[in-house]
Amino acid sequence: MKVTINDVAKYAGVSIKTVSRVTNNEPSVKQATIDKVNAAIKELNYQPNLAARNLAATSSYVIGFVYDNPNAYYIIDMQNGILSACRDKGYELLIHPCDAKAEGICEQLTTMVKHARLAGLVLTPPLSEDPKVLSALDAIGANYVRIMAGDRVKADSGLAVLVNDRSGAVAITQHLIDLGHRQIAFLSGDYQHQSTKERLEGYRQALRDNGLDESSDLIVEGEYSFESGVEGAKKLLKGANRPSAIVACNDEIAAGALFAARLEGMDIPTELSIVGFEDSPFSRQTWPKLTTVHQPNGKIAQIATELLIANRREQSVRSEIFTPEPVIRDSSARVQAS
């Protein structure tokens with residue numbers, strides 16, 4: 001059987017990305033790692049894919065933006081941030097929406113990279129957090145930068161821009177606790193996104209830090225959409241354990257929750273406080289305007305693209321971490337006495 005890059009990585013005890021870096025003579029790889037990979041290549045008689053090596057060394061000036069996210073505001077902010085960096089560095093932008101759950105997603109992306117001869121890819125969640133997608137891109141020597149949730153990245157996992165969603169969720173939940181709320185619900189987004197898990201854990205951490213018990217019936221699973229916020233809030237407001245405040249996983253969900261509360265004749269924030277996440281235009285288009293967590297998506301995308309281009313030009317590179325901060329507006333208020 002033909003020896004693959006996966007076989008070399010396993011034999012050398014490193015990632016596929018590291019093997020790709022060594023075979024493409026990329027900088028910032030330790031000499032000990034280079035020696036280990038080259039020894040594995042020699043031992044296994046591995047023949048690198050020349051087409052993939054040529055692809056990695058292409059003189060193309062096109063960056064691909066790959067996403068699967070129903071939030072139009074998020075996509076527009078990301079697109080504008082990438083465009084800003086591309087224009088500044090003389091690159092063009094190829095936009096590629098896709099279905100991250102599609103059976104042939106890996107083949108779809110690798111085919112696109114080959115046919116378009118892309119200089120690199122900007123990957124957003126959940127694609128940026130999918131090991132199968134990353135492995136497929138590594139196997140063809142594709143350059144990419146990941147935008148992803150978290151506060152740390154493995155040293156050998158390539159370029160990444162991290163968003164500390166957990167910290168932002170702790171802060172916005174703490175805001176509600178400081179207003180006297182104790183029955184605080186959580187409306188989640190799609191669990192395929194790591195950001196959902198991080199924001200939920202931040203909510204839970206704030207409860208623990210303040211000695212508050214978590215109630216499973218106050219956590220409602222959903223999607224990143226207005227409709228999901230409507231349905232989730234209806235479920236909460238009809239339940240026996242009715243909350244005095246809701247933390248929504250993004251502003252679109254929060255806007256849906258606010259709409260549902262209005263249908264119940266509730267006054268916001270007197271009878272129910274609602275907070276969102278991301279500080280998208282949704283947060284400023286509702287009435288009252290949403291208390292939320294500011295996440296500079298445009299800036300995040302711009303920095304990610306600059307890192308990608310700098311890495312391709314063999315300049316010094318580094319990962320970046322953004323920590324979202326609360327923005328206090330009109331949809332949250334001190335809890336009313338029973």
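To be clear, the structure that these remarks concern was listed above.
Here is a short report on the structure shown in this document. Bear in mind the structure is a predicted one, so any value in this text is a computation, not a measurement. (Residues numbered from 1 in each chain as written. Predicted model: local features only at pLDDT ≥ 70, side-chain atom pairs only at ≥ 80, totals over all residues. Heavy atoms only, no water.)

### Re the overall build of the chain
Under the convention used in this document: Runs of H or I in DSSP of at least four residues are treated as helices and runs of E of at least two as strands, each being numbered from the N terminus. Note on classification: 1.4 Å probe, protein chains only; a residue is buried when its accessible area is under 20% of the maximum for its type, exposed when over 50%, partly exposed between these limits. Note on contacts: a residue pair qualifies if any of its non-hydrogen atoms lie within 4.5 Å across the two residues. His is not counted here, nor are the chain ends, while Lys and Arg score as positive and Asp and Glu score as negative. Charge positions are represented by NZ for Lys, CZ for Arg, CG for Asp and CD for Glu.
Each helix and strand in the chain was counted, giving 13 helices and 12 strands. For the C-alpha atoms alone, the extent of the chain along its principal axes is close to 75 × 40 × 35 Å. The burial tally for the chain puts 55% of its 338 residues in the buried class. Across the chain, the fraction of contacts at a sequence separation of at least 24, relative to all contacts at a separation of at least 6, is 73%. Within the chain, the 41 negative side-chain charges are centred at a point lying 5 Å from the centre of the 36 positive side-chain charges.

### Topic: the packing of helix 2 (residues 16–23) against helix 7 (residues 131–139)
The geometry of a pair of packed helices is captured by two quantities: the angle between their axes and the separation between those axes. The test is simple: In this analysis, axes come from line fits to C-alpha atoms, helices being fitted only over the stretch in contact, and the angle between any two N-to-C directions falls in the range 0 to 180 degrees. In this scheme, roughly parallel covers angles under 35 degrees and roughly antiparallel covers those over 145, while 65 to 115 is roughly perpendicular and the rest are oblique. Each crossing gets its hand from how the near helix is turned against the far one by less than a right angle, where anticlockwise is left-handed and clockwise is right-handed. The nonpolar class holds Ala, Val, Leu, Ile, Met, Phe, Trp, Tyr, Cys and Pro. Asp, Glu, Lys and Arg form the charged class, and all remaining residues, Gly among them, are polar.
Orientation of helix 2 relative to helix 7, taken along the N-to-C sense of each, is 15°, at an axis distance of 9 Å. Relative to helix 7, helix 2 is oriented roughly parallel. The crossing of helix 2 and helix 7 is left-handed. Touching Ile-16, Lys-17 and Ser-20 of helix 2 are Ser-135, Asp-138 and Ala-139, all from helix 7. When its residues are assigned to classes, the contact of helix 2 with helix 7 shows 2 nonpolar, 2 polar and 2 charged.

### Focus on the packing of aromatic side chains
The geometry of an aromatic ring pair is captured by the separation of the ring centres together with the interplanar angle, meaning the angle of the planes. To be explicit about the condition: Between 30 and 60 degrees the pair is tilted, below 30 it is stacked and above 60 it is edge-to-face, where a pair is any two Phe, Tyr or Trp rings, Trp via its six-membered ring, whose centres lie within 6.5 Å. Placement of a positive charge over a ring is assigned whenever Lys NZ or Arg CZ falls within 6 Å of the ring centre and within 35 degrees of the normal to the ring plane.
All chains considered together, the criterion is met by 5 aromatic pairs. For the ring pair Tyr-73 and Phe-282, a centre distance of 5.3 Å and an interplane angle of 85° mean the geometry is edge-to-face. Here Tyr-73, found in helix 5 (residues 72–89), pairs with Phe-282, found in helix 12 (residues 282–285); they are 209 residues apart in sequence, far enough to count as distant. Look at Tyr-73 and you get partly exposed, because its relative accessible area is 26%. Of the residues examined, Phe-282 reaches a relative accessible area of 19% and is grouped as buried. Measuring from centroid to centroid gives 5.1 Å for Phe-186 and Tyr-203, while their planes differ by 35°, and the two rings are tilted. One end of the pair, Phe-186, is in strand 6 (residues 184–187); the other, Tyr-203, is in helix 9 (residues 194–209), with 17 residues separating them in the sequence. Across the pair, Tyr-203 and Phe-186 agree in class, each one buried. Cation over ring: Lys-17 sits above Tyr-144, and NZ or CZ is 4.3 Å from the ring centre.

### Focus on the sheet that holds strand 8 (residues 245–248)
To be explicit about the condition: One requirement defines pairing of two strands: DSSP has to find at least two bridges between them.
The strand order across the open sheet built from 4 strands is 7-6-8-9, with neighbouring strands paired in parallel fashion. Bordering the open sheet on either side are strand 7 (219–220) and strand 9 (273–275), each of which pairs with just one other strand. Summarising the sheet, strand 6 and strand 8 pair through 4 bridges and their orientation is parallel. In the sheet register, Ile-184 faces strand 8, and the bridge partner there is Ala-245. Running at roughly 175° to strand 6, helix 9 makes contact with strand 6, strand 7 and strand 8 of the sheet. On the sheet, helix 11 (residues 251–263) packs against strand 6, strand 8 and strand 9 and is oriented at approximately 160° with respect to strand 9.

### Observations concerning the nonpolar core
A general tendency of soluble globular proteins is for nonpolar side chains to be buried together. Worth spelling out the cut-off: Definition of nonpolar core: a set of buried residues of the types Ala, Val, Leu, Ile, Met, Phe, Trp, Tyr and Cys, connected through side-chain atoms within 4.5 Å.
Counting 41 residues, the largest nonpolar core has Tyr-203, Val-247, Leu-272 and Ile-274 as its most contacted members. Listed by contribution, the elements that provide at least two residues to this core are helix 8 (165–178), strand 6, helix 9, strand 7, helix 10 (226–238), strand 8, helix 11 and strand 9. When residues of this core are assigned to their parent elements, the largest contribution, 6 residues, is made by helix 11. Excluding residues that lie within four positions of it along the chain, Tyr-203 makes contacts with Ala-169, Thr-173, Ile-184, Ala-185, Phe-186, Leu-218, Ile-219 and Val-247. Val-122, Ile-147, Ile-300 and Leu-308 belong to the second largest nonpolar core, which has 26 residues in total.

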